[in-house]
Amino acid sequence: MSSVRRRRLTAVSLTVVAGLTLTACGTSFGAQTNQVYQPAVGANERGDVESHNTLLVGNRDGSATVSAGLVNNLDDEQTLTGVSVTDEQGESLTVTKPKSPLSLPSKLLTTLGGETPESVFVVGEGAEPGDYVKVTFTFSDSPELVVNAPVVARADHAAEYDDVAGGDGLVPNAVSGGGSASE
């Protein structure tokens, strides 16, 4: 091989290697693929029972419905025995609870705030869209789970929260008329 051809081959190889190396420098160790990403608005919390996408959805009558996905990671079925909510100042808000307790089967996702009457917990007032509240879930045989959750507005133009109970401003009949869910 001639020296001219060898130099050209070396120059082309170095150019290719340098190009590949330098194009990767901009990502560094802070690349988005290395970052935790939560596409949902709500908050997540881990424990014996996990809470996924926990938030309160504002209703037209000034109340707010608790919306969350709960996963029981224990081998035995749990029962959700209470939900309590406090505002940013630490004041307890009144939570209307379902007439029947909600069972949480082992290793399955259970949705709060959906069409099942046992899953609907409604905060009467004091949870305004834009606020954060502390939601405390209590269970039959598991430590309580505390989640700092946002309160979001139910928008007429967005179908995002259509599946959350209370969109018509009415609380389902299966929800009791008063009292705290933690009583």
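A short tour of the structure in this document, coming up. Nothing here was measured: the structure is a model prediction, and the numbers come from that model.

## Here's the deal with the side chain of glutamine 78
Right, on to step 1. Following the sequence through the fold, glutamine 78 ends up in strand E4 (residues 78–86).
Right, on to step 2. Taking relative accessible area as the criterion, glutamine 78 reaches 2% and is therefore assigned buried.
Right, on to step 3. A polar side-chain atom of glutamine 78 sits 3.0 Å from the main-chain amide nitrogen of aspartate 141.
Right, on to step 4. The residues touching glutamine 78, leaving out its near neighbours within four places in the chain, are Val49, Asn72, Leu102, Ser103, Leu104, Phe139, Ser140, Asp141 and Ser142.

## A look at the pairing of strand E2 (residues 49–58)
Right, on to step 1. Among the 10 residues of E2, 8 are classified as buried, and the element is accordingly described as predominantly covered.
Right, on to step 2. Bridging between strand E1 (residues 43–45) and E2 involves 2 bridges; their strand directions are antiparallel. Its bridge partner lying in E2, glutamate 45 is registered against serine 51.
Right, on to step 3. The turn joining E1 and E2, which pair antiparallel and follow one another in sequence, is formed by 3 residues.
Right, on to step 4. With 8 bridges connecting them, E2 and strand E3 (residues 64–72) associate as antiparallel partners.

## Re the environment of valine 66
Right, on to step 1. Structurally, valine 66 is set in strand E3.
Right, on to step 2. Taking relative accessible area as the criterion, valine 66 reaches 0% and is therefore assigned buried.
Right, on to step 3. A C-alpha to C-alpha distance of 9.0 Å links valine 66 and serine 119, two positions 53 residues apart in sequence.
Right, on to step 4. In contact with valine 66, other than residues within four places in its own chain, are Leu55, Leu56, Val83, Leu112, Gly113, Phe121 and Val123.

Rules used in this analysis
- Residues numbered from 1 in each chain as written.
- Predicted model: local features only at pLDDT ≥ 70, side-chain atom pairs only at ≥ 80, totals over all residues.
- Heavy atoms only, no water.
- Helix = DSSP H or I, 4+ residues; strand = E, 2+ residues; numbered from the N terminus.
- Buried < 20%, exposed > 50% of the residue type's maximum accessible area, 1.4 Å probe, protein only.
- Polar contact = N/O pair within 3.5 Å; in protein donor to acceptor, adjacent residues only side chain to side chain.
- Contact = heavy atoms within 4.5 Å.
- Pairing = 2+ DSSP bridges.

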